[in-house]
Amino acid sequence: MPVTGEYVPSPSRRAADQVELFERTDGAEGNTMGGVPIVVVTMLGASSGKVRKTPLMRVEHDGAYALFASKGGAPEHPTWYRNLLAHPDVEVQDGAQRHDYRVREVHDDERSAWWERGTAVWPAYDEYQAKTDRLIPVLVAERSS
């Protein structure tokens, strides 16, 4: 089920500009953050119901993507985390490919396996976890049928 509705760009100018460039070029440009590949996740806002888009590190395994709600180790979760809990049906754009996914939060051994995959891509996740008292949530997006 595609995510539809009125799109409201991120209040972060950097994120909004990156999403615009990434989508306009089918992922040929604006496709990295800190030299690491990204995907763009399209979701509905938890309160507004408006379409939101965020660039996140590309952590892929067997066709599923991990989404790390790190917010750089801030004491609070990123806004998009709440959005995904409220509306778990999303679109993930990886390069020119766009597909529908359903997101779920992972825990225990499954979280540990995804955390290891994530830190292999973006080692700073370990630093972010050390900076905060909260357990950084890990969500997994799996293809919808």
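The rules behind these values
Residues numbered from 1 in each chain as written. Predicted model: local features only at pLDDT ≥ 70, side-chain atom pairs only at ≥ 80, totals over all residues. Heavy atoms only, no water. Phe/Tyr/Trp six-rings, centres within 6.5 Å; stacked < 30°, edge-to-face > 60°. Helix = DSSP H or I, 4+ residues; strand = E, 2+ residues; numbered from the N terminus. Buried < 20%, exposed > 50% of the residue type's maximum accessible area, 1.4 Å probe, protein only. Core = buried A, V, L, I, M, F, W, Y, C linked by side-chain atoms within 4.5 Å. Contact = heavy atoms within 4.5 Å. Expected span 1.5 Å × (residues − 1). Arc of directions from axis to C-beta. Lys, Arg positive; Asp, Glu negative; His and termini not counted. Salt bridge = Lys/Arg side-chain N within 4 Å of Asp/Glu carboxyl O. Polar contact = N/O pair within 3.5 Å; in protein donor to acceptor, adjacent residues only side chain to side chain. Axes fitted to C-alpha atoms, helices over the stretch in contact; angles between N-to-C directions. Parallel < 35°, antiparallel > 145°, perpendicular 65-115°, else oblique. Nonpolar A, V, L, I, M, F, W, Y, C, P; charged D, E, K, R; others polar.

J.: Please explain the packing of aromatic side chains as it appears in this structure.
T.: Ring pairs (aromatic) are described by centroid distance and by the angle formed between their planes. Considering all chains together, one arrives at five aromatic pairs under this definition. For the ring pair Tyr65 and Tyr101, a centre distance of 5.6 Å and an interplane angle of 80° mean the geometry is edge-to-face. In this pair, Tyr65 sits in strand E5 (residues 64–68) while Tyr101 sits in strand E7 (residues 97–106), placing the two residues 36 residues apart along the sequence. What makes Tyr65 buried here is its relative accessible area of 7%. Accessibility expressed as a relative area gives 4% for Tyr101, which makes it buried. Aromatic side chains Trp115 and Tyr125 sit 6.0 Å apart centroid to centroid with 50° between the ring planes, which places their arrangement in the tilted category. Taken together, the residues Trp115 in helix H3 (residues 108–121) and Tyr125 in helix H4 (residues 124–131) connect sequence positions ten residues apart. For the residue pair Trp115 and Tyr125, the accessibility class agrees, reading buried in each case. Ring pairing ties together the aromatic residues Phe68, Trp115, Tyr125 and Tyr128, which thus form one cluster.

J.: For this particular structure, what's the right way to read the nonpolar core?
T.: Across soluble globular proteins, nonpolar side chains show a tendency to be buried alongside one another. The biggest cluster of nonpolar side chains holds 21 residues, and the ones touching the most others in it are Met57, Phe68, Trp114, Trp122, Tyr125 and Val138. Secondary structure elements with two or more residues in this core: helix H1 (13–24), strand E2 (36–44), E5, H3, H4 and strand E8 (138–143). Once residues within four sequence positions are removed from consideration, Trp114 is found in contact with Val59, Glu60, His61, Ala64, Tyr65, Ala66, Phe68, Val106, Val138 and Val140. Membership of the second largest hydrophobic core comes to 16 residues, among which are Tyr65, Trp80, Leu84 and Tyr101.

J.: I would appreciate a short explanation of H3 in the present structure.
T.: Compared with the 20 Å implied by 1.5 Å per residue over 14 residues, the 20 Å span of H3 between its first and last C-alpha is a close match. The complete set of buried residues in H3 reads Arg111, Trp114, Trp115, Gly118 and Thr119. Down the axis of H3, the smallest arc covering the buried residues is 135°, so these residues share one side. Within H3, the exposed residues directed more than 90 degrees away from the buried face are Asp109, Glu116 and Ala120. The elements touched by buried residues of H3 are strand E4 (60–61), E5, E7, H4 and E8.

J.: Would you mind showing me how to read helix H2 (residues 79–86) here?
T.: An α-helical turn contains 3.6 residues, so a residue and the one three or four places further along point in the same direction. Listing the buried residues of H2 in full gives Trp80, Tyr81, Asn83 and Leu84. Projection of H2 onto a plane perpendicular to its axis shows the buried side chains occupying an angular sector of 160°, all on one side. Tucked inside the fold, the buried residues of H2 contact E2, strand E3 (51–57), E5, strand E6 (89–94), E7 and E8.

J.: It is not clear to me how the side chain of Arg134 should be interpreted in this structure. Could you clarify?
T.: Within the secondary structure, Arg134 sits in the loop between H4 and E8. Despite being buried, Arg134 has no salt bridge partner; Glu76 is the closest side chain of opposite charge, sitting 6.7 Å away. Reaching out from Arg134, the side chain makes a polar contact with the backbone oxygen of Ser70 at a distance of 2.6 Å. Setting aside residues up to four positions removed in sequence, Arg134 forms contacts with Ala69, Ser70, Lys71, Ala74, Pro75, Glu76, His77, Pro78 and Gln129.

J.: I tried to follow the packing of H3 against H4 on my own but got confused; where do I start?
T.: Two measures define how a pair of helices packs: the angle their axes make with one another and the distance between the axes. The geometry of H3 relative to H4 is characterised by a closest axis approach of 8 Å and an angle of 120° between their N-to-C directions. By the angle between their axes, H3 is oblique relative to H4. Of H4, the residues touching H3 (which contributes Arg111, Trp115, Gly118 and Thr119) are Tyr125, Asp126 and Gln129. Partitioned by chemical class, the residues of the contact of H3 with H4 number two nonpolar, three polar and two charged.

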